[in-house]
Amino acid sequence: MYRHIFVAIDDSPTSRQALKEAISLAQIHGATLEIGHAIDENLVHVFHSTGMDTTTRNELKQALHANAADCLERAAERARRAGVKAESSLLPGHGEHSADLIAAAVEESGADLLVVGSHGRRGVRRLLLGSVAENLVRKVNVSILVVRGPEATEEKE
């Protein structure tokens, strides 16, 4: 039986599917649901290295944080409407990969299950973009449910 489920979201259709699965599992097990969103500040560094000025850099950082907070609030509200006790965790980074931020949060939270979405990328797209889900399988010491979203099916076609 799961007591504490951690779900990592990024506001994509795939992560919304992972959230849906996590809520269902939390309902079945009477578990607490912790919803985490990792902010990949490498995006800010990439834009900054292309000549972005400091003001724009700070605005982008603020936008990433505001978007993440809004995403977390909507997800937590969805869980609460389903009758699930939900907490949210904003996971700001300082250059770390999203998988590292999520793995550290899962360990710190004491969760006994991690739910994460996978886009199901293949070939060059997978090589270039990497896979947070794949990295998490190697990094965390709890069971992981990898949920495939609509994008995974579309890419095969």
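For the structure itself, look to the data block above.
Residues numbered from 1 in each chain as written. Predicted model: local features only at pLDDT ≥ 70, side-chain atom pairs only at ≥ 80, totals over all residues. Heavy atoms only, no water.

*Asks:* Help me understand the sheet that holds strand β2 (residues 32-39), please; the structure alone is not making it clear to me.
*Replies:* Picture the strands of a sheet paired through backbone hydrogen bonds; they go either parallel or antiparallel. On the basis of which strands lie adjacent, the open sheet formed by 5 strands has the order β3-β2-β1-β4-β5 and parallel pairing. Of all strands in the sheet, those with a lone pairing partner are β3 (86-92) and β5 (143-148), marking the two edges. The average undirected angle you get between the axes of adjacent strands in this sheet is 25°. Two elements, strand β4 (residues 113-118) and β5, share 6 bridges in a ladder whose sense is parallel. Counterpart to V116 in the pairing with β5 is V146. Across the sheet, helix α4 (residues 98-109) lies against β1 (4-8), β2, β3 and β4, angled at about 165° from β1, the strand it touches most. Across the face of the sheet, helix α6 (residues 132-139) comes into contact with β4 and β5 while running at roughly 155° to β4. (Pairing = 2+ DSSP bridges. Helix = DSSP H or I, 4+ residues; strand = E, 2+ residues; numbered from the N terminus. Axes fitted to C-alpha atoms, helices over the stretch in contact; angles between N-to-C directions. Contact = heavy atoms within 4.5 Å.)

*Asks:* Looking at this structure, how should I read the environment of A8?
*Replies:* Of note, A8 is situated in strand β1. For the pair A8 and I35, spaced 27 residues apart in sequence, the C-alpha separation works out to 6.0 Å. In contact with A8, not counting residues within four places along its chain, are S15, G36, I102, L114, V115 and V116.

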